[in-house]
Amino acid sequence: MSRRKKVFLIAPPFSGHLHPLLGIGMKLQDVADVTVLSTPGAAAACELPFHPILARHEKAVWAIAEPGQEVKSNPLLLYRQLKANIALLGDLKAELNALLTTQRPDLILADFTVPVAGIAALQHGIPWWTTLPSPCVFETPDGPPAYCGGQTPAQTKAQHLRHAALRQATRLFKRAMGRLFRRELRAIGFPGIYRADGSEAVYSPQRILALGIPEVEFPRSYPPHFHFVGPVLHTPRDDSPAPEFASDGRPHVLITLGTHLPHAKAALAQTMRAIATRHPGIVFHFTHGHATDAPMASTANFHEHAHISYARHLPRYTAVIHHAGAGILNHCLRHGIPSVVIPQDYDQFDNAARLVAHGLALRAQGNAQIEDTLLRVLQDPALKARCEAMRAIHTHQDGAQNVTQRVVAESTLGLQPV
């Protein structure tokens, strides 16, 4: 009987990056020996063998993801994030080198935010695949560029020229950062931001597994090793109290900004409390997205919760107000739930543009527009019908199963790089 393959899964502790890999790992464990690598705080969410990394830098890792203000495409803030990130890469590379020397896996699956895992894998001759929860951020030679405020497909010559200029500006900025940090990047083995063939060095040259469906993406050209494998809607087990749902027929609306964006949640909660007072015929549940022992506020129809499990409770909501993060986006698509999207930062503007363009959500331009936008969503049967049609497509896509099938298929070839 052939030996079971050993697979390492590597991700930061943030739920939008960690949870999809955990879902893949839960399925993969049927055919391989799986170990999850992340910072120690991620162990609580993990039901698989776990190996801590960057134990001394956990606070620094979270500070990168939660800088306390919107980053968007601000060059100075992006520079500060990159600088803080690079400062950790040397230690992470050393930890991974030591581990791969003594516990060599057959394959490394790493979230796209941990490219140093791929550099270490290639130096040890280990196949490396990248997982990408947000396909919209992948840089392509055509189509709407990412991180530019939520661009939609160009319709006119002027729009095509604008997109080309934005794509060029993105590459110039990335190259500039590569030159600025060239000494540090070379020290950890990065040959540069881009490879000789023009591809980005942060992604695997072997397999890029996009954890989404092409039906909600805009037309763009992808390399042959880029594969849409479907979403992974894994939610770790939790014992948070279930929200109370009224039995009088009133619609229930969930409000969530995920687990990040603490600087935006207080303002949104204040806005939603005021909206709730004007609409007693709607029940609102606000989730802060993290476990806490602090008491949560509650009124007749507005209830705050430390955490509400999407997996356990989302199907009971009529609509969701969210930030267009990849996790809640896919949960809503899976259950055919219309949304009000209020993107805050990072890839959320690009995700929101796709949802709106495909008729699956309406966008509120800031908190002041949420009330009117929500009422339009609740009174739009055509929007609900489009969400139901997408649910039928989305339901048949199982990213974890598709990744497992790819691992099994590749195992017959020794998991050789492409």
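Analysis parameters
Residues numbered from 1 in each chain as written. Predicted model: local features only at pLDDT ≥ 70, side-chain atom pairs only at ≥ 80, totals over all residues. Heavy atoms only, no water. Phe/Tyr/Trp six-rings, centres within 6.5 Å; stacked < 30°, edge-to-face > 60°. Helix = DSSP H or I, 4+ residues; strand = E, 2+ residues; numbered from the N terminus. Buried < 20%, exposed > 50% of the residue type's maximum accessible area, 1.4 Å probe, protein only. Lys NZ or Arg CZ within 6 Å of the ring centre and 35° of its normal. Pairing = 2+ DSSP bridges. Axes fitted to C-alpha atoms, helices over the stretch in contact; angles between N-to-C directions. 1 Å grid on protein atoms, 1.4 Å probe; cavity = no way out; pocket = protein on both sides within 12 Å on 5 of 7 lines; lining within 4 Å. Points joined across faces, edges and corners; volume = space filled by probe spheres on them. Nonpolar A, V, L, I, M, F, W, Y, C, P; charged D, E, K, R; others polar. Expected span 1.5 Å × (residues − 1). Arc of directions from axis to C-beta. Lys, Arg positive; Asp, Glu negative; His and termini not counted. Salt bridge = Lys/Arg side-chain N within 4 Å of Asp/Glu carboxyl O. Contact = heavy atoms within 4.5 Å. Parallel < 35°, antiparallel > 145°, perpendicular 65-115°, else oblique. Core = buried A, V, L, I, M, F, W, Y, C linked by side-chain atoms within 4.5 Å. Patch = residues over 30% accessible without salt bridge, like charges linked within 9 Å, V, L, I, M, F, W, Y side chains within 5 Å. Areas by Shrake-Rupley, 256 points an atom, 1.4 Å probe, with all protein chains shown as cover. Charge placed at Lys NZ, Arg CZ, Asp CG, Glu CD. Disulfide = S-S within 2.5 Å.

### Let's talk about the packing of aromatic side chains
Enumeration according to the criterion identifies nine aromatic pairs in this entry. Both rings, one in Phe-286 and one in Phe-302, keep their centres 6.4 Å apart while their planes meet at 50°; by these two values the pair is tilted. Of the two residues, Phe-286 is situated in strand 9 (residues 283-287) and Phe-302 in strand 10 (residues 302-305); the sequence distance between them amounts to 16 residues. On the basis of relative accessibility, which here comes to 0%, the residue Phe-286 falls in the buried class. Clustering of aromatic rings is evident, with ring pairs tying together Phe-112, Phe-138, Tyr-203, Tyr-222, Phe-226 and Phe-228. Taking the ring centre of Tyr-194 as reference, the NZ or CZ of Arg-171 above it sits at 3.9 Å.

### Things to note about the sheet that holds strand 2 (residues 32-38)
The seven strands are arranged 3-2-1-4-5-6-7 in an open sheet whose pairing can be described as parallel. The strands lining the two open edges of the sheet, one partner per strand, are strand 3 (50-52) and strand 7 (226-228). Pairs of neighbouring strands in the sheet enclose a mean axial angle of 25°, with direction left out of account. For strand 4 (residues 107-111) and strand 5 (residues 128-132), the ladder comprises four bridges, and the chain directions are parallel. By the bridge assignment, Ile-108 is partnered in strand 5 with Trp-128.

### Digging into the layout of surface pockets
A volume near 270 Å³ is recorded for the second largest pocket. Along the wall of the second largest pocket there are 18 residues; nearest its centre are Phe-138, Gly-198, Ser-199, Glu-200 and Pro-223. When its residues are assigned to classes, the lining of the second largest pocket shows seven nonpolar, six polar and five charged.

### Re unusual backbone geometry
Although it is not a glycine, Leu-54 sits at a positive phi angle of roughly 50°. Using a relative accessible area of 7% as the deciding quantity, one classes Leu-54 as buried. Here Ala-324, not a glycine, exhibits a phi torsion of approximately 70°, which is positive. With respect to the helices and strands, the residue Ala-324 is situated in the loop between strand 11 (319-322) and helix 9 (326-335).

### Here's the deal with helix 12 (residues 381-394)
For helix 12, spanning 14 residues, the distance from its first C-alpha to its last is 20 Å, which sits close to the expected 20 Å at 1.5 Å a residue. Those residues of helix 12 lying buried are Leu-383, Cys-387, Met-390 and His-394. The buried side chains of helix 12 occupy one side of the element, clustering within an arc of 65° when seen end-on.

### Quick look at the side chain of Asp-347
Counting through the fold element by element, Asp-347 comes out in the loop between strand 12 (339-341) and helix 10 (348-357). Salt bridges are absent for the buried Asp-347, whose nearest opposite-charge side chain, Arg-354, sits at 9.2 Å. Those residues in contact with Asp-347 that sit more than four places away from it in its chain are Ser-134, Cys-136, Val-137 and Tyr-147.

### A look at the sheet that holds strand 11
Strand order in this open sheet of six strands is 10-9-8-11-12-13, and the pairing throughout is parallel. Looking along the sheet, the strands with just one partner apiece sit at the ends: strand 10 and strand 13 (361-363). Across the sheet, the axes of successive neighbouring strands diverge by a mean angle of 20°, strand direction being ignored. Where strand 9 and strand 10 come together, four bridges link them in parallel fashion. When the bridges of strand 10 are listed, Phe-286 appears paired with Glu-304. Against the sheet, helix 11 (residues 370-378) contacts strand 8 (252-256), strand 9, strand 11, strand 12 and strand 13, and its axis sits at roughly 150° relative to strand 11.

### Some remarks on helix 11
Buried within helix 11 we find Ile-370, Glu-371, Thr-373, Leu-374 and Val-377. The buried residues of helix 11 occupy one face: seen down the axis, they fall within an arc of 165°.

### Focus: the packing of helix 9 against helix 12
Following both chains from N to C, one finds helix 9 and helix 12 inclined at 100°, their axes separated by 6 Å at the closest point. One finds that helix 9 runs roughly perpendicular with respect to helix 12. Together, Asn-330, Leu-333, Arg-334 and His-335 of helix 9 and Glu-388, Met-390, Arg-391 and His-394 of helix 12 make up the contact between the two elements. Considering only residue class, the contact of helix 9 with helix 12 consists of two nonpolar, three polar and three charged.

### Observations regarding the pattern of salt bridges
If you walk through the whole model with that rule in mind, you get 14 salt bridges. A salt bridge links Glu-217 to Arg-220, with the nearest nitrogen and oxygen atoms 3.9 Å apart. Residues joined in a network through salt bridges with shared partners are Glu-139, Arg-171, Lys-174 and Glu-200.

### Comments concerning the nonpolar core
Leu-268, Met-272, Phe-284, Ile-321 and Ile-370 are the most contacted members of the largest nonpolar core, which has 35 residues in total. Looking at this core, the element that brings in the most residues is helix 7 (residues 262-278), giving six residues. Filtering out sequence-adjacent residues up to four positions away, Ile-370 remains in contact with Leu-268, Met-272, Ile-275, Ile-321, Ile-342 and Ala-364. Core analysis: the next-biggest nonpolar cluster, separate from the first, contains 30 residues, Ile-10, Ala-110, Val-114 and Ala-201 among them.

### Some remarks on a positive patch on the surface
Together, Arg-175, Arg-179, Arg-182, Arg-183 and Arg-186 give the surface a local cluster of positive charge. One can find Arg-175 in helix 5 (residues 157-180).

### Thoughts on the state of the cysteines
Evaluated as defined, the whole model comprises zero disulfides. Cysteine Cys-136 is unpaired, with the sulfur of Cys-148 as its nearest cysteine sulfur at 12 Å. With relative accessibility at 18%, the residue Cys-148 sits in the buried group.

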